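One-letter residues, chain by chain:
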Amino acid sequence: MKSFDELLRDAEIAHGHLCAGQILGVRMAMLGLELLGLDDPYGKDRKRVVTFVEIDRCMTDAIGVVTGCRLGKRALKFRDWGKVAATFVDLESGRAVRLAARESSKVLARNLHPEIENKNRQQMLAYREMPADDLFAVQWVKVAVPPEELPGYKSERIVCAQCGEGINFQREVRKDGTILCRACAGECYYEPE
Ligand SMILES: [Zn+2]
Ligand SMILES: [Zn+2]
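Position numbers for residues start from 1 in each chain and track the written sequence from start to end. Note on labels: chains are lettered from A, ligands numbered from 1, in written order. Only residues with pLDDT of 70 or above have their local features reported here, since the model is predicted, and side-chain atom pairs are shown and tallied only from 80 upward, although totals for entire chains, interfaces and linings are computed over all residues. The side-chain numbers reported here are obtained from all heavy atoms of the structure, hydrogens and water having been left aside.

1. Let's talk about the coordination of the zinc ion (ligand 2)
Then step 1. In this structure, Cys-160 (SG), Cys-163 (SG), Cys-181 (SG) and Cys-184 (SG) serve as the protein donors to the zinc ion (ligand 2), at separations of 2.3 Å.
Then step 2. The sequence pattern formed by the donor residues of the zinc ion (ligand 2) is C-x2-C-x17-C-x2-C. You can see Cys-163 sitting in the loop between strand 6 (158-159) and strand 7 (166-167) and its partner Cys-181 sitting in the loop between strand 9 (178-180) and helix 7 (183-187), a full 18 residues away along the chain. The rule for donors is simple: an N, O or S atom within 2.8 Å of the metal counts, and for Na, K and Ca the reach is 3.2 Å. Water is not among the atoms, so a site may look short of donors. Numbering of helices and strands starts at the N terminus; helices are DSSP runs of H or I of at least 4 residues and strands are runs of E of at least 2.

Pasting the structure below:
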């Protein structure tokens with residue numbers, strides 16, 4: 001595993017800037033992998049890790065950099081819960097650990113560096129220094145990762161009876177004997193203009 005500083009530099013490049021979220025994300029992901037006993041996410045442990053992220057903020061990019069889990073590899077799963085938390089799953093051992101940033105960490109950062117007025121700078125420094133216990137709540141969990149969620153899953157492609165678009169990975173909806181995509185089944189996030 002690369003050092004904290006090397007990973008932080010990688011995260012800064014991938015994310016576009018250095019911020020408190022990068023520091024928090026690098027620390028969270030390093031701790032998650034460490035707890036799982038995985039130290040080579042780009043080498044021998046490359047295909048072992050799946051990460052569930054619960055927010056789409058700065059931190060999420062750093063987690064992708066450290067774990068090597070990417071959306072396009074199906075190894076990064078997004079659960080839009082608006083929580084600064086992530087669950088790291090070892091597919092080989094079946095173990096999983098969920099880390100959530102403690103609400104108290106912002107107050108602790110303020111107490112640790114009251115001399116720094118800029119919040120982002122204050123948190124950047126404090127999140128580097130604070131013990132992991134002050135930053136994260138750790139919980140061992142079980143995560144069901146069915147075959148169709150796994151990175152290498154080959155799926156048959158099904159066509160939506162209404163719009164005719166192809167659907168992968170068993171995301172189709174069966175309604176009154178008809179196969180529909182999620183949009184046609186009523187979960188659409190867009191409207192035709
Ligand atoms: Zn950022
Ligand atoms: Zn459709």
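2. What about the packing of helix 2 (residues 20-36) against helix 3 (residues 58-67)?
Then step 1. The interhelical angle for the contact between helix 2 and helix 3, taken along N-to-C directions, is 40°, at an axis separation of 7 Å. Considering their axes alone, helix 2 and helix 3 lie oblique with respect to each other. Of the two elements, helix 2 crosses helix 3, and the hand of that crossing is right-handed. Contacts between helix 2 and helix 3 involve Gly-21, Gln-22, Leu-24, Gly-25, Val-26, Met-28, Ala-29, Met-30 and Leu-33 on the former and, on the latter, Cys-58, Met-59, Ala-62, Ile-63, Val-66 and Thr-67. To get an axis, fit a line to the C-alpha atoms, keeping to the stretch in contact for a helix; angles then go from 0 to 180 degrees between the N-to-C directions. Our angle categories are set so that under 35 degrees counts as roughly parallel, over 145 as roughly antiparallel, 65 to 115 as roughly perpendicular, and the remainder as oblique. Here is the rule for handedness: rotate from the far helix to the near one, and if that takes an anticlockwise turn smaller than a right angle the crossing is left-handed, while a clockwise turn gives right-handed. By definition, residues are in contact when any of their heavy atoms lie within 4.5 Å.

3. Thoughts on the environment of Phe-136
Then step 1. Turning to its location among the elements, Phe-136 is positioned in strand 5 (residues 136-141).
Then step 2. Per-residue accessibility, obtained with a 1.4 Å probe over protein chains only, is compared with the maximum for each type, and a residue is labelled buried under 20%, exposed over 50%, and partly exposed between these values. Note on Phe-136: relative accessible area 2%, which makes it buried.
Then step 3. Along the backbone, Phe-136 and Glu-193 are 57 residues apart, and their C-alpha atoms lie at a distance of 45 Å.
Then step 4. Ignoring any residue separated from it by four or fewer positions in sequence, one finds Phe-136 in contact with Leu-24, Arg-27, Met-28, Leu-31, Leu-99, Ala-100, Ala-101 and Arg-102.

4. A short note on the sheet that holds strand 2 (residues 76-78)
Then step 1. Following DSSP output, two strands are said to pair if at least two bridges run between them. Sheet architecture is open: 5 strands sit in the order 2-1-3-4-5, paired in mixed fashion. Either end of the sheet is taken by a strand with one partner, and the two such strands are strand 2 and strand 5. The average angle at which neighbouring strand axes cross in this sheet is 20°, direction not considered.
Then step 2. Note: strand 3 (residues 85-90) against strand 4 (residues 96-101), 5 bridges, orientation antiparallel. Across the sheet, residue Ala-86 finds its bridge partner in strand 4, namely Leu-99.

5. Side note on the side chain of His-15
Then step 1. Mapped onto the elements, His-15 comes out in helix 1 (residues 4-15).
Then step 2. Take His-15: its relative accessible area is 17%, and that puts it in the buried class.
Then step 3. Ignoring any residue separated from it by four or fewer positions in sequence, one finds His-15 in contact with Gln-22, Cys-58 and Asp-61.

6. Description of the pairing of strand 1 (residues 49-53)
Then step 1. Counting buried residues in strand 1 gives 5 out of 5 residues, a clear majority hidden from the surface.
Then step 2. Examined bridge by bridge, strand 1 and strand 3 share 5 bridges and lie antiparallel to one another. Within strand 3, the residue paired with Thr-51 across the bridge is Phe-88.
Then step 3. Bridging between strand 1 and strand 2 involves 3 bridges; their strand directions are parallel. Paired with Val-53 across the two strands is Phe-78, which belongs to strand 2.

7. With respect to the coordination of the zinc ion (ligand 1)
Angles between donor atoms at a metal ideally measure 109.5 degrees for a four-coordinate tetrahedral arrangement and either 90 or 180 degrees for a six-coordinate octahedral one.
Then step 1. Coordination of the zinc ion (ligand 1) by the protein involves His-15 (NE2), His-17 (NE2), Cys-19 (SG) and Cys-58 (SG), with metal-donor separations of 2.1 to 2.3 Å.
Then step 2. Geometry is assigned from donor-metal-donor angles: four donors are tetrahedral when every angle falls between 85 and 135 degrees, four are square planar and six octahedral when opposite donors sit over 155 degrees apart with all other angles between 65 and 115, and any other arrangement is irregular. With 4 donor atoms in place around the zinc ion (ligand 1) and angles of 94 to 135° between them, the coordination shape is irregular.
Then step 3. Residue Cys-19 is classed as buried on the basis of its relative accessible area of 6%.
Then step 4. Judged by its relative accessible area of 26%, Cys-58 is partly exposed.

8. Observations concerning the pattern of salt bridges
Then step 1. Put simply, a salt bridge is a Lys or Arg side-chain nitrogen that is within 4 Å of an Asp or Glu carboxyl oxygen. Taken as a whole and assessed by the stated rule, the structure comprises 12 salt bridges.
Then step 2. Note that Asp-45 is salt-bridged to Lys-44, the shortest N-O span being 3.5 Å.
Then step 3. Relative accessible area serves as the criterion here: at 61%, Lys-44 is assigned to the exposed category.
Then step 4. Counted as one network, the salt bridges with shared partners bring together Asp-39, Lys-44, Asp-45, Arg-48, Asp-90 and Glu-92.

Bear in mind that shape data such as this cannot, by itself, settle questions of function.
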